[in-house]
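Residue-level structural notes
The primary structure of each chain is shown beneath.
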Amino acid sequence: NQSAGTAALNLNYLYDKASIFFNFGVDGATAGEKTYYFDDIGVVAGDGGGGGPISARGLTDFEDAGAPYTFSDFDGGAATVIDNPDISGIDMSAKVAQMQKFAGQPWGGTTLDMGGDVDWSAGEAWTMKVRSSRVVPVLFKWEGLNQELSVDHAGSGTWEELCFDFTGMTGGAA
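Judged by nonpolar contacts, the single largest core of 30 residues is most densely connected at Phe 38, Ile 41 and Trp 142. Broken down by secondary-structure element, the contributors of at least two residues to this core are β1 (17–22), β2 (35–44), β5 (95–101), β7 (125–131), β8 (136–142) and β10 (159–165). Residues in contact with Phe 38, not counting those within four places in the same chain, are Ile 20, Phe 22, Phe 62, Phe 71, Val 96, Ala 97, Met 99, Met 128, Lys 129, Val 130 and Trp 159.

Here you go:
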């Protein structure tokens, strides 16, 4: 069933790109610390609880085996894959994505090609590990679907797993 306020599912669209914004609404020149890290983007069943990331396509984890990872940076955002600067806690990965926000527009960010069309039948809630040394809103947007959610990182300086729950927002795509 189509969710109120969303466009009808159009099977001609590919839902294969996610845009990621850190500190949306603040340009890089005034954002303060402008380097953020993210990793392990995956879908979870239902409301984001339970068995951890699962996906028919697999988890986007930025390790060498899944390379290349295609970022399309825009308006002051710049993302790249680097060695994990803090292998600890919930993120023991060797590689992560680094997002830097430079002078530019307040919506500066990056779009990540997910490597294939999203299978919404696997779930509508997505998680992403994020590391930041200050409180920062993280906006996650599915291109084509034109839905976005913002979740705050607590600024702990450690890896935190954020959940972006699109349940009921996929316009019947699931």
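This part covers the confidence of the model for the chain. When pLDDT is low, close inspection of the predicted coordinates is not appropriate. Mean pLDDT for the chain: 82, with 80% of residues reaching 70 or above. For residues 46–57, every residue scores under 50 in pLDDT, and the model assigns this stretch 26 contacts once sequence neighbours within four places are set aside.

As summarised here, the arrangement of the five strands in space is β4-β5-β2-β7-β10, forming an open sheet in which the pairing is antiparallel. Only two strands of the sheet have a single neighbouring strand rather than two, namely β4 (77–83) and β10. Each strand of the sheet is rotated relative to its neighbour by a mean of 35°, with strand direction disregarded. Sheet topology places β2 next to β7; six bridges connect them, and they run antiparallel. Considered in β7, the bridge of Gly 42 is made with Thr 127.

For the peptide bond that leads from Ala 67 to Pro 68, omega is 5°, which places it in the cis range. Within the fold, Pro 68 resides in the loop between β2 and β3 (71–74). Even without glycine at this site, Asp 40 takes up a positive phi of about 50°. Residue position: Asp 40 is located in strand β2. A residue is classified by how much of its surface remains accessible, and Asp 40, at 8% relative accessible area, is buried. The residue Asn 146 is not glycine, and still its phi comes out positive at about 60°.

Opposite charge on two side chains lets them pair, provided their charged atoms get close. Within this structure, the stated rule accounts for six salt bridges. The closest approach of N and O atoms between Asp 113 and Lys 17, which form a salt bridge, is 3.9 Å. In this pair, Asp 113 sits in strand β6 (residues 109–113) while Lys 17 sits in strand β1, placing the two residues 96 residues apart along the sequence. The exposure class assigned to Lys 17 is partly exposed, which follows from its relative accessible area of 32%.

Burial within β2 is extensive, with ten of its ten residues counted as buried. In the sheet, β2 pairs with β5 via four bridges, with the strands oriented antiparallel. For Tyr 37, the partnering residue across the bridge sits in β5 and is Gln 98.

What counts and what doesn't
- Per chain, the residues get numbers from 1 upward, laid out in the order the sequence is written.
- Selection of residues for local features in this predicted model requires a pLDDT of at least 70, selection of side-chain atom pairs for listing and counting requires 80 or more, and totals for whole chains, interfaces and linings are taken over all residues.
- Excluding hydrogens and water, the side-chain values take into account all heavy atoms of the structure.
- As used here, the term nonpolar core means buried Ala, Val, Leu, Ile, Met, Phe, Trp, Tyr and Cys residues forming a set that is joined through side-chain atoms within 4.5 Å.
- Buried means the residue's accessible area, taken with a 1.4 Å probe over protein chains only, is under 20% of the maximum for its type, while exposed means over 50%, and partly exposed covers the values in between.
- Counting from the N terminus, the helices are the DSSP runs of H or I reaching at least four residues and the strands are the DSSP runs of E reaching at least two.
- Residue contacts follow a heavy-atom distance rule, with two residues in contact if any of their heavy atoms lie within 4.5 Å.
- Residue-level confidence of the predictor, termed pLDDT, takes values from 0 up to 100.
- DSSP calls a pair of strands paired once it identifies at least 2 bridges connecting them.
- The angle between two axes is taken between their N-to-C directions and runs from 0 to 180 degrees, where each axis is a line fitted to C-alpha atoms and a helix contributes only its stretch in contact.
- For this document, the term salt bridge refers to a Lys or Arg side-chain nitrogen within 4 Å of an Asp or Glu carboxyl oxygen.

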